[in-house]
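One letter stands for each residue in the lines below.
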Amino acid sequence: MTGEDVAVAGDLVERLRQLKAERNAVILAHNYQRGEVQDVADFVGDSLGLARQAAGTSAEVILFCGVDFMAETAAILCPGKVVIVPDLRATCPMANMISARELRELKHRHPDAVVVCYVNSSAEVKAESDICCTSANAVEVLRSLPPDREIIFVPDRSLGEYASRKAGRSVILWPGYCPTHHRIIAPFVQKAKAEHPRAQVVVHPECPSDVVSMADHVASTSGIIRYCRESDAEEFIIGTEAGILHRLRKENPEKRFYEASPFADCPNMKLNTLEKMVWALEEMRYRVTVPDPVCSAARRSIERMLGLSGRPAR
Ligand code: CIZ
Ligand code: SF4
């Protein structure tokens, strides 16, 4: 950044501070957001941790910096609050890989199956599902299901395969995947390991299965942050969206973090900027709402997950 850029960023941060007070707003940012967006947020976390912050806040307005399904989840869990996002185009290609109609057809072919949907899904797909899960609790959710029931898992095939193996439950998979995590490929990880032989390989379960099998530890974003903080290791190769490196380096200045792939940016996550956050609060747009009956049905599948352990997404 030039001196001028720094001054502009400083002005934007100051303007955000004023607007937050005027609007009684709270800023929530996902672990994959740009560093400067994370730095101005009141809370940084994973989608479910953020939704829980949203539910617990006394603020009236939630400026949600992530992608659409996360803001929808916050709106579903906080019916009395105004949820706005900086850019309506910030969506999740993986969540868009299954529609409610496609899920209904799959259910029709397996009428006795329990439907588990990853939180990376539209409200309509959540509404068609029996129980939701996150990457932090997918294994626990599968283990909680009656042993004699068939299980449908949508939309992420990689997470479904990983959780199925860990839980010892066979599942009917859907061929969805995260384009960002699937750019973390085994040859990149091998190269990073050769360059940093002492580093631990820590990856997200959305990665391809050969990458997952090369890892020392597999976890959700909140799990990756916790593992790196608590581990005695000093170097880590990180296999998830690149935005998480900002937080890992900020919270662990004495440790070294390397990216497992040079191409692991999610362009949707990066659509949110400080300027768009200021505009969003100035103009109180873009509002995210989930009307009934989808909202109530989606809330049931999320609440079933929340009821499992009371403390789900870590
Ligand atoms: O649930 C989330 O926030 C996502 C998409 C990833 C993760 O592992 O935290
Ligand atoms: Fe969706 Fe992948 Fe981007 Fe997450 S990183 S929002 S799963 S495309």
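In this text, all values refer to a predicted model and were calculated from it rather than measured experimentally. (Residues numbered from 1 in each chain as written. Chains lettered and ligands numbered in written order. Predicted model: local features only at pLDDT ≥ 70, side-chain atom pairs only at ≥ 80, totals over all residues. Heavy atoms only, no water.)

1. Focus on the side chain of K255
Short version of the rule: Only DSSP runs of H or I with at least four residues qualify as helices, and only runs of E with at least two residues qualify as strands; both kinds are numbered from the N terminus onward. Between buried and exposed lies partly exposed: a residue is buried under 20% and exposed over 50% of the maximum accessible area for its type, with that area taken using a 1.4 Å probe on protein chains only. The charge count includes Lys and Arg as positive and Asp and Glu as negative, but it does not include His or the ends of the chains. In what follows, salt bridge is the name for a side-chain nitrogen of Lys or Arg lying within 4 Å of a carboxyl oxygen of Asp or Glu. Pairs of N or O atoms within 3.5 Å make up the polar contacts considered here, provided that, within protein, one atom can donate a hydrogen while the other can accept it, and that residues adjacent in sequence are counted only when both atoms are side-chain atoms. When checking whether two residues touch, look at their non-hydrogen atoms; a contact exists if any pair is within 4.5 Å.
On the secondary structure map, K255 appears in the loop between helix 12 (244-251) and strand 12 (256-259). Buried and unpaired, K255 has E254 as its nearest opposite-charge partner, separated by 4.7 Å. Separated by 2.7 Å, the side chain of K255 and the backbone oxygen of C228 make a polar contact. A distance of 3.2 Å separates a polar side-chain atom of K255 from the backbone oxygen of R229. Every residue in contact with K255, bar those within four places of it in the chain, is listed here: C228, R229, S231, A233, E234 and F236.

2. Observations regarding the site of ligand 1
Where we set the bar: Near, as used in this document, describes a residue that has one of its heavy atoms within 4 Å of the molecule or strand being considered. Working definition of accessibility: Shrake-Rupley area with a 1.4 Å probe, residue cover restricted to the visible protein chains.
Within the structure, ligand 1 sits among H30, D46, S47, M70, V119, N120, S135, H204, S220 and T221. For ligand 1, an oxygen atom lies 2.6 Å from a polar atom in the side chain of H30. In this structure, an oxygen atom belonging to ligand 1 sits 2.5 Å away from a side-chain N or O atom of H204. Taking 270 Å² as the accessible area of ligand 1 by itself, protein coverage stands at 98%.

3. Here we look at the site of ligand 2
Formally: Only Asp, Glu, Lys and Arg are considered charged, only Ala, Val, Leu, Ile, Met, Phe, Trp, Tyr, Cys and Pro nonpolar, and every remaining residue, Gly among them, polar.
All residues adjacent to ligand 2 are V67, C92, P93, N120, C178, E206, C266 and M269. In the shell around ligand 2, the residues fall into six nonpolar, one polar and one charged.

4. Regarding the nonpolar core
Defined as follows: The term nonpolar core refers to a set of buried residues drawn from Ala, Val, Leu, Ile, Met, Phe, Trp, Tyr and Cys, joined through side-chain atoms within 4.5 Å.
If you look at the biggest cluster of nonpolar residues, it comprises 83 residues, and the most contacted ones within it are F64, V116, L142 and V154. No other element matches helix 4 (residues 68-77), which puts seven residues into this core. Counting residues in hydrophobic clusters, the runner-up holds 19 residues, among them L16, I27, A29 and A280.

5. Quick notes on the domain arrangement of the chain
Here is the rule we go by: Domain start and stop points were drawn from an automatic or database domain assignment. In short, buried area is how much 1.4 Å probe accessible area vanishes from two parts on joining, totalled over both.
Domain boundaries in the chain define domain 1 (3-92 + 269-283), domain 2 (95-178 + 293-308) and domain 3 (181-259). A C-alpha centroid distance of 26 Å is found between domain 2 and domain 3. Across the boundary between the two partners, domain 2 contributes 12 residues, which contact 11 residues of domain 3. With both sides pooled, the region where domain 2 packs onto domain 3 buries about 890 Å², and carbon together with sulfur makes up 54% of that total. When the buried surface of domain 2 facing domain 3 is broken down by residue, S158, Y162 and C178 rank first, second and third, together holding 50% of it. On the surface where domain 2 and domain 3 come into contact, there are zero salt bridges. Counting the contacts that link domain 2 with domain 3 gives six residue pairs in polar contact (both at pLDDT 80 or more).

6. Description of the pattern of salt bridges
One pass over the structure, following the stated rule, counts 15 salt bridges. Taking the shortest distance from any N to any O, the salt bridge between R89 and D87 comes out at 2.8 Å. Residue class for R89 comes out exposed when judged on its relative accessible area of 55%. E241 is the salt-bridge partner of K270, the closest N and O atoms lying 2.6 Å from each other. Of the two residues, K270 is situated in the loop between strand 12 and helix 13 (274-283) and E241 in the loop between strand 11 (235-239) and helix 12; the sequence distance between them amounts to 29 residues.

7. Structural notes on the packing of helix 3 (residues 47-56) against helix 4
As a reminder, the rule being used: Interaxial angles span 0 to 180 degrees and are taken between N-to-C directions of axes, which are lines fitted to C-alpha atoms, for helices over the stretch in contact. Helix crossings are classified by the rotation of the near helix relative to the far one: an anticlockwise turn of less than a right angle makes the crossing left-handed, while a clockwise turn makes it right-handed.
Packing of helix 3 against helix 4 brings their axes to within 9 Å, and their N-to-C directions diverge by 35°. Both helix 3 and helix 4 take part in a crossing whose hand is right-handed. Residues S47, A51, A54 and A55 of helix 3 form the contact with helix 4, whose own contacting residues are F69, M70, T73, A74 and L77. Counted by class, the contact of helix 3 with helix 4 contains seven nonpolar, two polar and no charged residues.

8. So, empty space enclosed by the protein
Where empty space is left can be seen by rolling a probe of water-molecule size over the atoms. Which entries qualify depends on this criterion: Grid points spaced at 1 Å and placed over the protein atoms alone form the basis of the search, with a cavity being a set where a 1.4 Å probe fits but cannot get out and a pocket an open set showing protein on both sides within 12 Å along at least five of seven lines. Lining residues have an atom within 4 Å of a point. Grid points are joined across faces, edges and corners, and a volume is the space filled by probe spheres set on the points.
Tallying each qualifying case throughout the model produces one cavity of 30 Å³ or more. Here the largest cavity defines a volume of roughly 30 Å³. Along the walls of the largest cavity sit S158, E161, Y162, R165, C207, P208, S209 and V212, which together make up its complete lining. If you tally residues by element for the lining of the largest cavity, the top one is helix 8 (residues 157-167), at four residues. Considering only residue class, the lining of the largest cavity consists of four nonpolar, two polar and two charged. Built from parts of two domains, the lining of the largest cavity gets at least three residues from each of domain 2 (95-178 + 293-308) and domain 3 (181-259).

9. Details of the packing of aromatic side chains
The condition is simple: In summary, the pairing rule links any two rings of Phe, Tyr or Trp, Trp by its six-membered ring, whose centres are within 6.5 Å, and it sorts them by plane angle into stacked for under 30 degrees, edge-to-face for over 60 and tilted for everything else.
Enumeration over the complete set of coordinates arrives at two aromatic pairs. Where F188 meets F263, the ring centres are 5.8 Å apart and the plane angle is 55°; that geometry is what we call tilted. Separated by 75 residues along the polypeptide, F188 in helix 9 (residues 186-195) and F263 in the loop between strand 12 and helix 13 bring together distant segments of the chain. The exposure class of F188 is partly exposed, given its relative accessible area of 24%. Overall, F263 belongs to the partly exposed group, its relative accessible area being 46%. An angle of 15° between the planes, with centres 5.3 Å apart, marks the rings of F236 and F257 as stacked. You can see F236 sitting in strand 11 and its partner F257 sitting in strand 12, a full 21 residues away along the chain. Accessibility assignment for this pair places F236 and F257 in one class, buried.

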